[in-house]
Amino acid sequence: MNEATDARLHAEHLRDYRPEFMQMAAKISYDNIDRGGGPFGAVIVKDGEVIATGANSVTIDQDPTAHAEVNAIRNACHKLGSFKLEGCTVYSSCEPCPMCLSALYWAGVRKIFYGNTKEDADAIDFSDKFIYDEIERRPEERNVPGVHVDNSETIKAFEKWASSPDVTKY
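In this numbering scheme, every chain counts its residues from 1 along its sequence in written order. A pLDDT threshold of at least 70 governs which residues receive local features in this predicted model, and a stricter bar of 80 or more applies before side-chain atom pairs are shown or counted, although totals over entire chains, interfaces and linings include all residues. Heavy atoms throughout the structure, all of them, feed into the side-chain values; hydrogens and water do not.

K.L.:
I would appreciate a short explanation of the pattern of salt bridges in the present structure.
P.N.:
One side-chain nitrogen of Lys or Arg within 4 Å of one carboxyl oxygen of Asp or Glu is enough to make a salt bridge. In total, this model carries 10 salt bridges according to the counting rule given. We note a salt bridge from K111 to D16, for which the minimum N-O separation is 2.9 Å. A residue pair is termed long-range when its members are at least 10 positions apart, and K111 in strand β4 (residues 111-116) and D16 in the loop between α1 (3-14) and α2 (19-34) qualify at 95 residues. When accessible area is computed with a 1.4 Å probe and restricted to protein chains, residues below 20% of their type maximum are described as buried, those above 50% as exposed, and intermediate ones as partly exposed. With relative accessibility at 15%, the residue K111 sits in the buried group. One salt bridge connects E140 with R138, and the closest N-O pair in it is separated by 3.3 Å. Counting from the N terminus, the helices are DSSP H or I runs at least four residues long and the strands are E runs at least two residues long.

This is how it looks when you write it as structure tokens:
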């Protein structure tokens, strides 16, 4: 893509941007530091209404998955009574890490607006670069090796799932 195309796409995506929701995510991230959490906040919006918010609580909850976006997803899904967040927009104080980005895709959100970039996060020692690098490597070559073993027992659950008419697809 060229610069003109990039600028057009950026402008197109900004049409439904609502700065008040990013300000809310920024305030959550800022205030969260005083609570002992990381400097990250997220807001999930649907049809112009805040559905849920989340703050990073990794050190508070002793849970490495308790990132702002994941906490916001959990809160939004609980409130909506669904594991899908179709039609929802996320306002995150920072570009989502690989885990959060994956969770947002699984949740089915429509768009993600973010304030700080992954480079901004890296500048304060919140780097995800090593994860991006690891994803590119073969599982056996990663720092935490992934080793495929015999799946003659584990495949049975997949076979049952594939043949069952009573499962909820996602």
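From this point, the narrative continues.
K.L.:
Teacher, can you tell me more about the sheet that holds β4 here?
P.N.:
Through backbone hydrogen bonds, the strands of a sheet pair up, either in parallel or in antiparallel fashion. Here the rule is simple: two strands pair whenever DSSP picks up at least two bridges between them. Spatially, β2-β1-β3-β4 is the arrangement adopted by the 4 strands of the open sheet, whose pairing is mixed. Bordering the open sheet on either side are β2 (49-55) and β4, each of which pairs with just one other strand. Each adjacent strand pair in this sheet contributes to an overall mean axis angle of 15 degrees, direction not counted. Bridging between strand β3 (residues 88-94) and β4 involves 5 bridges; their strand directions are parallel. Considered in β4, the bridge of S92 is made with Y114. Where helix α4 (residues 68-80) meets the sheet, it contacts β1 (41-46), β2 and β3, and its direction lies at approximately 140 degrees from that of β2. All axes are obtained by fitting lines to C-alpha atoms, using only the stretch in contact for helices, and the reported angles, taken between N-to-C directions, cover 0 to 180 degrees. Here, residues are in contact when the closest pair of their heavy atoms is within 4.5 Å.

K.L.:
So what exactly am I meant to see when it comes to the packing of aromatic side chains here?
P.N.:
The description of an aromatic ring pair rests on the distance of the ring centres and on the angle between the ring planes. Aromatic contacts are taken between Phe, Tyr and Trp rings whose centres are within 6.5 Å, Trp giving its six-membered ring; a plane angle under 30 degrees counts as stacked, one over 60 as edge-to-face, and the others as tilted. Evaluation of the coordinates by the stated rule reveals 8 aromatic pairs. Judged by centre distance (5.0 Å) and plane angle (65 degrees), the ring pair of Y17 and F113 falls under edge-to-face. Here Y17, found in the loop between α1 and α2, pairs with F113, found in strand β4; they are 96 residues apart in sequence, far enough to count as distant. Taking relative accessible area as the criterion, Y17 reaches 28% and is therefore assigned partly exposed. Seen in terms of ring centroids, F21 and Y91 are 5.4 Å apart; in terms of plane orientation they differ by 55 degrees. Their pairing is tilted. You can see F21 sitting in helix α2 and its partner Y91 sitting in strand β3, a full 70 residues away along the chain. Classification of F21 by relative accessible area gives buried; the value is 6%.

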